[in-house]
Amino acid sequence: MSLAAARSLPRLLLLALAVAVLGAGLVLAAGGPAGAQAAPSKVTIDGTAANKWEPADASVKPGGTVTFRIASGATHPVVSGDGSNPQGDNRFDDSDCALANMTKVGDSCQVKFPKAGTYPYFCQVHVSLGMKGVITVGASAGGGATTTTAANGAGGSVVEPPSAAAPPSSGRPAIYWAGWGLFALGALLALGLIAFYVRFWPGFTRPKS
């Protein structure tokens, strides 16, 4: 091996290690499926003058808080349920979102969701105009079975199985796999260079058998 090639080995080794470190950084930044799809702990839903919730459907982690706010228009009291029963289904505590507290622009209320599940809600005044939405809490977010309240308002529920045509996503972004690829490439290059260094570096003394 030429002296110039031998002297380039340390620089190549540093480059390989840098590639491995970059790959590890990308893996940590992208995280696993849970990190990529984790629901937030706080969500704000606006009631608008168009008598719509924006966004109508939202996800939050167990123990998280949803803030309902009148952004425009007026009088958007929030009730738990799908709207088939005007009195609601009491699946979450909507007492702070009653008519008296949600009458003008700027009014808001907060609801805490301690347990995982799917929670429909509606505007008590504008439900006939389709002002409804769904809060998904925890593990139910992103797929699986969907629970809907029975249309007769009796409080029962029907569980609809997930579609067989829509397999669940792994949740890992492309950058996650790119990071693993760079890490593996850098690690293999580093190991190869170390072995090459041990084999050919001038003056390197290997123990005699």
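Computed from a predicted model, the values in this text were never measured in an experiment.

### With respect to the packing of aromatic side chains
Working step 1: Counted by the stated rule, this structure contains seven aromatic pairs.
Working step 2: Taking the centre distance of 6.5 Å and the plane angle of 70° together, the rings of F92 and Y119 count as edge-to-face. Taken together, the positions of F92 in the loop between strand 5 (78-80) and strand 6 (108-113) and Y119 in strand 7 (residues 117-123) put the pair 27 residues apart, joining distant regions of the chain.
Working step 3: Here F92 falls in the buried class, since its relative accessible area comes to 6%.
Working step 4: Consider the rings of F113 and Y119, whose centres lie 5.2 Å apart with planes at 55°: the pair is tilted. Neither residue differs from the other here; F113 and Y119 are each classed as buried.
Working step 5: Among the aromatic residues, those joined into a cluster by ring pairs are W53, F68 and Y121.
Working step 6: Sitting over the ring of Y119, R91 keeps its end group 4.7 Å from the ring centre.

### As for the environment of K112
Working step 1: For K112, the position within the fold is in strand 6.
Working step 2: Overall, the relative accessible area of 57% leaves K112 in the exposed class.
Working step 3: Separated by 18 residues in the primary sequence, K112 and D94 have C-alpha atoms spaced 9.6 Å apart.
Working step 4: In contact with K112, not counting residues within four places along its chain, are G63, G64 and T65.

### Considering the nonpolar core
Working step 1: Residues I45, W53, V66, F68, F113, Y121 and I135 are the most contacted members of the largest nonpolar core, which totals 21 residues.
Working step 2: Elements that contribute at least two residues to this core include exactly strand 1 (42-47), strand 3 (57-60), strand 4 (64-70), strand 6, strand 7 and strand 8 (132-137).
Working step 3: Aside from chain neighbours lying at most four places away, what touches I45 is W53, E54, P55, A58, V66, T67, F68, R69, Y121 and I135.

### Re the confidence of the model for the protein
Working step 1: Looking at the protein as a whole, its pLDDT mean stands at 79, while 72% of the residues score no less than 70.
Working step 2: Taken together, the stretch residues 140-170 has pLDDT below 50 and engages in 32 contacts with residues farther than four places along the chain or on a different chain.

### Section: the state of the cysteines
Working step 1: The tally for this structure, following the rule as stated, stands at one disulfide.
Working step 2: Two residues share a disulfide in this structure: C97 and C109, whose sulfurs sit 2.0 Å from each other. Every disulfide takes its handedness from the sign of the S-S torsion; for C97 and C109 that torsion is 100°, giving right-handed. A residue pair is termed long-range when its members are at least 10 positions apart, and C97 in the loop between strand 5 and strand 6 and C109 in strand 6 qualify at 12 residues.
Working step 3: A relative accessible area of 4% places C109 in the buried class.

### Here's the deal with the sheet that holds strand 7
Working step 1: Reading across the sheet, the four strands line up as 3-8-7-5 and stay open at both edges, with mixed pairing between neighbours. Unpaired on one side and paired on the other, strand 3 and strand 5 mark the two borders of the sheet. The mean inter-strand angle of the sheet, taken between neighbouring strand axes irrespective of direction, is 30°.
Working step 2: For strand 3 and strand 8, the ladder comprises four bridges, and the chain directions are parallel. From the neighbouring strand, A58 faces strand 8, where its bridge partner is I135.

Basis of the calculations
Residues numbered from 1 in each chain as written. Predicted model: local features only at pLDDT ≥ 70, side-chain atom pairs only at ≥ 80, totals over all residues. Heavy atoms only, no water. Phe/Tyr/Trp six-rings, centres within 6.5 Å; stacked < 30°, edge-to-face > 60°. Helix = DSSP H or I, 4+ residues; strand = E, 2+ residues; numbered from the N terminus. Buried < 20%, exposed > 50% of the residue type's maximum accessible area, 1.4 Å probe, protein only. Lys NZ or Arg CZ within 6 Å of the ring centre and 35° of its normal. Contact = heavy atoms within 4.5 Å. Core = buried A, V, L, I, M, F, W, Y, C linked by side-chain atoms within 4.5 Å. pLDDT = per-residue confidence, 0-100. Disulfide = S-S within 2.5 Å. Pairing = 2+ DSSP bridges. Axes fitted to C-alpha atoms, helices over the stretch in contact; angles between N-to-C directions.

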